[in-house]
Amino acid sequence: MTSPIQLYEVCLRDGLQNESVVLPTDFKVAIAERLVQAGFRDIEVTSFVRPRWIPQLADAAEVVRRLPRVEGVRYWALVPNMIGLERALECDIHHVATFLSASETHNRKNVNRTIKESLAGLKKVIASAHGEGLGIRSYISTAFGCPFEGAIDPGRVLAIAIELLEAGADRIALGDTTGMGHPEKVRAMLSTLVEGGIELERIALHFHDTRGTAVVNSYAAWQLGARQFDGSISGLGGCPYAPGAAGNACTQDLVHLFERLGGAQEVPGGHAPLTGIDLELLGSIGMDLEAAIGRPLSGRYHEFWRGHLEREAKTA
Ligand code: ZN
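Below, the structure is looked at part by part. Owing to the predicted nature of the structure, the values given are computational and were not obtained by experimental measurement.

Conventions used here
Each chain has its residues counted from 1, running along the sequence as written. In view of the model being predicted, local features appear only for residues whose pLDDT reaches at least 70, and side-chain atom pairs are presented and counted only at 80 or more, with totals across whole chains, interfaces and linings using the full set of residues. Side-chain numbers come from the whole structure's heavy atoms, not from hydrogens or water. A donor here means an N, O or S atom no more than 2.8 Å from the metal, or no more than 3.2 Å when the metal is Na, K or Ca. Since water is not included, a site may seem to lack partners. For a four-donor site, all angles between 85 and 135 degrees give tetrahedral; for four or six donors, opposite pairs above 155 degrees with the remaining angles between 65 and 115 give square planar or octahedral; all remaining cases count as irregular. Elements are defined by DSSP. Helices are runs of H or I of four residues or more, strands are runs of E of two residues or more, and each kind is numbered from the N terminus. Buried residues are those whose accessible area, probed at 1.4 Å on protein chains only, stays under 20% of the maximum for their type, while exposed residues exceed 50% and partly exposed ones sit between those limits. Here the arc refers to the directions that run from the helix axis out to each C-beta atom. Contact criterion: two residues are considered in contact whenever any of their non-hydrogen atoms come within 4.5 Å of each other. Counting of polar contacts relies on pairs of N or O atoms within 3.5 Å, with two restrictions inside protein: one atom must be capable of donating a hydrogen and the other of accepting it, and residues adjacent in sequence are counted only when both atoms are side-chain atoms. Points on a 1 Å grid, built from protein atoms alone, make a cavity when a 1.4 Å probe fits but cannot get out and make a pocket when they are open with protein on both sides within 12 Å along at least 5 of 7 lines; residues with an atom within 4 Å of a point are the lining residues. Grid points are joined across faces, edges and corners, and a volume is the space filled by probe spheres set on the points. Gly counts as polar in this scheme, as do all residues outside two lists: the nonpolar Ala, Val, Leu, Ile, Met, Phe, Trp, Tyr, Cys and Pro, and the charged Asp, Glu, Lys and Arg. Note on pairing: two strands pair once DSSP finds at least 2 bridges between them. Handedness of a crossover is defined as follows: with both strands directed away from the viewer, a clockwise route from the first strand across the helix to the second makes it right-handed. Axis definition: a line fit to C-alpha positions, over the contact stretch in the case of helices; interaxial angles, taken between N-to-C directions, run 0 to 180 degrees. Convention used here: angles under 35 degrees read as roughly parallel, angles over 145 as roughly antiparallel, angles from 65 to 115 as roughly perpendicular, and any remaining angle as oblique. Note on convention: the crossing is left-handed when the near helix lies turned anticlockwise from the far helix by less than a right angle, right-handed when the turn is clockwise.

Quick look at the coordination of the zinc ion
Right, so step 1: Every protein donor of the zinc ion is accounted for by D14 (OD), H206 (NE2), H208 (NE2) and N248 (OD1), and the metal-donor separations fall at 1.8 to 2.5 Å.
Right, so step 2: Coordination at the zinc ion is irregular, judged from the 4 donor atoms that bind it and the angles of 74 to 144° they form at the metal.
Right, so step 3: Written as a sequence motif, the donor arrangement for the zinc ion is D-x191-H-x1-H-x39-N. Taken together, the residues D14 in helix α1 (residues 11-15) and H208 in the loop between β7 (203-207) and α9 (214-223) connect sequence positions 194 residues apart.
Right, so step 4: By relative accessible area, which is 5% here, D14 ends up buried.
Right, so step 5: Assessed through its relative accessible area of 2%, H208 is described here as buried.

Given below as structure tokens:
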């Protein structure tokens, strides 16, 4: 029997932080409500970075305060440092995510620190969050390749992952920040981590679709036993410090893939068995995001859904 997929939705954070449009808090809260309704249990809702750095997420505290509290739903916020963690704690959020890069150059451009300096700071953040009883996931960006340095040694990712887990992180999220991964890299990475003693249950995959490989990479990771995947509705997002990094893995594409792999022939409105997600509702959330952002979004299932609605409108 195939075990369920845990999907982690990032459109409200990773997605919006890379869009120039600043969306109203009301709209964000409404999207979060509908994501919960669609069946998500893990939603990254915002980031407690300095509001001046990312004005799109300057309303972090207000968004968190207004989220619907639903049994079994985990809301996550990105925290860059101790100040971010303190702001998150003030808002009573119970799950936080930290980040650093596996590439020295990308890490320096992103947070102006060496990897060693970042790790030292994050260990304090993680220990403190752990002490407060928070759930912690730690992103390792550019894990599958760096736009400045090229290939990244999986051994380096393993060493960073071990330090983060030993500091108290519950799980590692491997970020393919500029979509440089491919299935063989995914295989090499996961076997290095597993052979290095990290259980698959502690690894999430955060693919970007910059070069069209997010779905095939997810499939490769699934075949190897990974079950936790990050997605962004309609592929919203990218990375402001990585040139050419457009588009997270489109959540609808992942839901569709995993439902078919799980043996579902159709996803007719009801919640699908492997992911527990209502694909049709995601379709309409994607259309609303597209309207709010004001440019066409690019996820494949999203485009399919847009075409479907246009055909329906014609026949009506
Ligand atoms: Zn991302």
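Focus on helix α4 (residues 82-90)
Right, so step 1: All buried positions along α4 are accounted for by G84, L85 and A88. What you see down the axis of α4 is that its buried residues fit within an arc of 100°, all on one side. Within α4, the exposed residues directed more than 90 degrees away from the buried face are I83 and E90.
Right, so step 2: Residues of α4 that are buried in the fold lie against β4 (95-101) and α6 (115-131).
Right, so step 3: Residue N81 occupies the N-cap position of α4, its side-chain oxygen lying 3.2 Å from the main-chain nitrogen of I83.
Right, so step 4: Immediately downstream of α4, the backbone of D92 shows phi near 65°, a positive value.

As for empty space enclosed by the protein
Space left empty within the atom packing is revealed by a probe, the size of a water molecule, rolled over the atoms.
Right, so step 1: Enumeration over the complete set of coordinates arrives at 1 cavity of 30 Å³ or more.
Right, so step 2: The wall of the largest cavity is formed by Q6, L7, Y8, D42, W76, R137, R171, A204, Q228, F229 and D230.
Right, so step 3: Put simply, the parts of the chain that give the lining of the largest cavity at least two residues each are β1 (6-9) and β8 (228-231).
Right, so step 4: Classifying every residue of the lining of the largest cavity gives 5 nonpolar, 2 polar and 4 charged.

Describing the pairing of strand β6 (residues 171-176)
Right, so step 1: Burial within β6 is extensive, with 5 of its 6 residues counted as buried.
Right, so step 2: Sheet topology note: the strand β5 (residues 135-141)/β6 ladder contains 4 bridges and is parallel. Of the residues in β6, the one forming a bridge with S138 is I172.
Right, so step 3: In this region the chain leaves β5, passes through helix α7 (residues 154-167) and returns to the parallel neighbour β6; the handedness of that crossover is right-handed.
Right, so step 4: Of the pairings in the sheet, the one linking β6 to β7 comprises 5 bridges and is parallel in character. Counted as the bridge partner of I172 is I203 from β7.

A word on the environment of L297
Right, so step 1: The residue L297 is located in the loop between α11 (279-293) and α12 (300-315) in this model.
Right, so step 2: When its relative accessible area of 2% is taken as the criterion, L297 is described as buried.
Right, so step 3: Separated by 122 residues in the primary sequence, L297 and G175 place their C-alpha atoms 21 Å from one another.
Right, so step 4: Those residues in contact with L297 that lie beyond four places of it in its chain are S234, L236, G286, L289, E290, H302, E303 and R306.

Structural notes on the packing of α9 against helix α10 (residues 251-261)
Right, so step 1: At their nearest, the axes of α9 and α10 sit 10 Å apart, and the two run at 40° to each other. Here α10 runs oblique to α9, going by the angle between their axes. Every pair of crossing elements has a handedness; the one defined by α9 and α10 is right-handed. Here V215, S218, Y219 and W222 of α9 lie close against α10, whose contacting residues are D253, L254, L257, F258 and L261.

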